[in-house]
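Summary of structural features
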Amino acid sequence: VIDLDAALFQARINLARIDFALEDPNGAVNHLNAILSQDDSYIPAYELLYEYALSMGDDIRAERYLTTAISANPDIITPRIKLVEYYFEQNAVQRAKSRAERLIQQFPSHAKANSLLGKAYLLSGQADDAIVLLRKSIEIDPAHLDAYLLLSDALMSNDMIFEARNALDAGMPFVEDRVPL
């Protein structure tokens, strides 16, 4: 077994970023492919390829990079989350929902997994199911701001206006005021 130096991979990732910034995508992709030829489960290489494909408007390739990353390393949650979020960005709610359901099966105690499936349910007209998952997301991670906003939307869609306001009020302590005084 050859012990690979992670610092070499990080250096190649940085070189790829530099090449992308210098508008040399071929050089960047060569660095990333060199990493993947040594370790086809190195998620940061797939993530950078995904970001590049998105920037080029190549949605098919972007999706493929994420699904390949998931296949190469099925126990890592990050590319799974990115894939669900990608489907939301593409307005592919049913695909997002299907992936989020698989995500929650593997990571049931992850706040983001619960909120993503809650969002999918909300967008699919299943507000009651969304409410349950979004409350669970907040229970797991009370500082998960998106869950409060989505929970408020789900409650409002069920005409639970006061509960929606309470949900937003409960999330306010976690909001950072970024407006300089």
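As a convention, each chain's residues are numbered from 1 in the sequence order in which they are written. The predicted origin of the model limits local features to residues at a pLDDT of at least 70 and limits the giving and counting of side-chain atom pairs to 80 or more, whereas totals for whole chains, interfaces and linings rest on all residues. Water and hydrogen atoms were dropped before computing side-chain values, which therefore reflect all heavy atoms in the structure.

**Let's talk about the environment of Leu103**
Counting from the N terminus, the helices are DSSP H or I runs at least four residues long and the strands are E runs at least two residues long. Relative to the assigned elements, Leu103 resides in helix 6 (residues 93–106). Type-normalised accessible area, obtained with a 1.4 Å probe on protein chains alone, sets the label of each residue: buried when under 20%, exposed when over 50%, and partly exposed for intermediate values. Relative accessible area serves as the criterion here: at 1%, Leu103 is assigned to the buried category. In this structure, the C-alpha to C-alpha distance between Leu103 and Ile81, residues 22 residues apart in sequence, is 7.8 Å. When near neighbours in sequence (up to four residues on either side) are disregarded, Leu103 contacts Ile77, Arg80, Ile81, Val84, Ala113 and Leu116. A contact between two residues is defined here by any heavy atoms of the two lying within 4.5 Å.

**Points about the pattern of salt bridges**
Take a side-chain nitrogen of Lys or Arg and a carboxyl oxygen of Asp or Glu: if they are within 4 Å of each other, that pair is a salt bridge. Taken as a whole, this structure holds seven salt bridges when the rule is applied. Between Asp169 and Arg165 there is a salt bridge, with the nearest N and O atoms lying 3.8 Å from each other. Of the two residues, Asp169 and Arg165 both sit in helix 10 (residues 161–171), four residues apart, roughly one turn of that helix. Residue Arg165 is classed as exposed on the basis of its relative accessible area of 57%. Among the charged side chains, a network of salt bridges with common partners joins Glu47, Glu51 and Lys82.

**Topic: the side chain of Lys112**
With respect to the element layout, Lys112 can be found in helix 7 (residues 111–123). By relative accessible area, Lys112 is classed as buried at 18%. With sequence-adjacent residues up to four places away left out, Lys112 is seen in contact with Ile81, Glu85, His144 and Asp146.

**What to know about the packing of helix 5 (residues 78–89) against helix 6**
Only the stretch in contact is used when fitting a helix axis, every axis being a line fitted to C-alpha atoms; angles between N-to-C directions are given from 0 to 180 degrees. Here helix 5 crosses helix 6 at 160°, and the two axes come no closer than 8 Å. One way to sum up the angle between helix 5 and helix 6 is to call them roughly antiparallel. When you trace helix 5 past helix 6, the crossing you get is left-handed. Each of Arg80, Ile81, Leu83, Val84, Tyr87 and Phe88 in helix 5 lies in contact with helix 6, whose residues at this interface are Arg95, Ala96, Arg99, Ala100, Leu103 and Gln106. Angles are sorted into four bins: roughly parallel if under 35 degrees, roughly antiparallel if over 145, roughly perpendicular if 65 to 115, and oblique for all others. Crossing chirality is assigned from the near helix's rotation relative to the far helix, an anticlockwise turn below a right angle marking it left-handed and a clockwise turn marking it right-handed.

**Some words on the nonpolar core**
Val84, Tyr86, Leu103, Leu117 and Leu151 are the most contacted members of the largest nonpolar core, which has 37 residues in total. At the level of secondary structure, the elements contributing two or more residues to this core comprise helix 3 (43–55), helix 4 (59–72), helix 5, helix 6, helix 7, helix 8 (127–140), helix 9 (145–157) and helix 10. Core analysis: the next-biggest nonpolar cluster, separate from the first, contains 15 residues, Ala16, Ile35, Ala45 and Ala69 among them. For this analysis, a nonpolar core means a set of buried residues of the types Ala, Val, Leu, Ile, Met, Phe, Trp, Tyr and Cys, connected via side-chain atoms within 4.5 Å.

**Looking at helix 6**
Since there are 3.6 residues in each turn of an α-helix, residues three or four apart along the chain are aligned in direction. Helix span is expected to be 1.5 Å times the residue number reduced by one. Spanning 14 residues, helix 6 covers 20 Å between terminal C-alpha atoms, matching the ideal 20 Å at 1.5 Å per step. Buried positions along helix 6 lie against helix 4, helix 5 and helix 7.

**What about the environment of Asn114?**
Along the chain, Asn114 falls in helix 7. Each C-alpha atom, one on Asn114 and one on Arg135, is 8.8 Å from the other, the two residues being 21 residues apart in sequence. Aside from chain neighbours lying at most four places away, what touches Asn114 is Ile104, Pro108, Ser109, Leu133, Lys136, Ser137 and Ile140. Polar contacts, as counted here, are pairs of nitrogen or oxygen atoms within 3.5 Å of one another; within protein the pair requires one atom able to donate a hydrogen and one able to accept it, and residues that are adjacent in sequence qualify only if both atoms are side-chain atoms. A distance of 3.0 Å separates a polar atom in the side chain of Asn114 from the backbone oxygen of Pro108.

**Some details on the packing of aromatic side chains**
Centre distance within 6.5 Å is the pairing criterion for rings of Phe, Tyr and Trp, where only the six-membered ring of Trp is used; planes under 30 degrees apart are then read as stacked, over 60 as edge-to-face, and the remainder as tilted. Counted under the stated rule, the structure contains five aromatic pairs. Geometrically, the ring pair formed by Tyr50 and Tyr86 is edge-to-face, given 6.2 Å between the ring centres and 80° between the ring planes. On the criterion of sequence distance, the pair formed by Tyr50 in helix 3 and Tyr86 in helix 5 is long-range, its members being 36 residues apart. Judged by its relative accessible area of 6%, Tyr50 falls in the buried class. Consider the rings of Tyr86 and Tyr87, whose centres lie 5.7 Å apart with planes at 55°: the pair is tilted. Here the aromatic cluster, defined as three or more aromatic residues joined through ring pairs, consists of Tyr50, Tyr86 and Tyr87.

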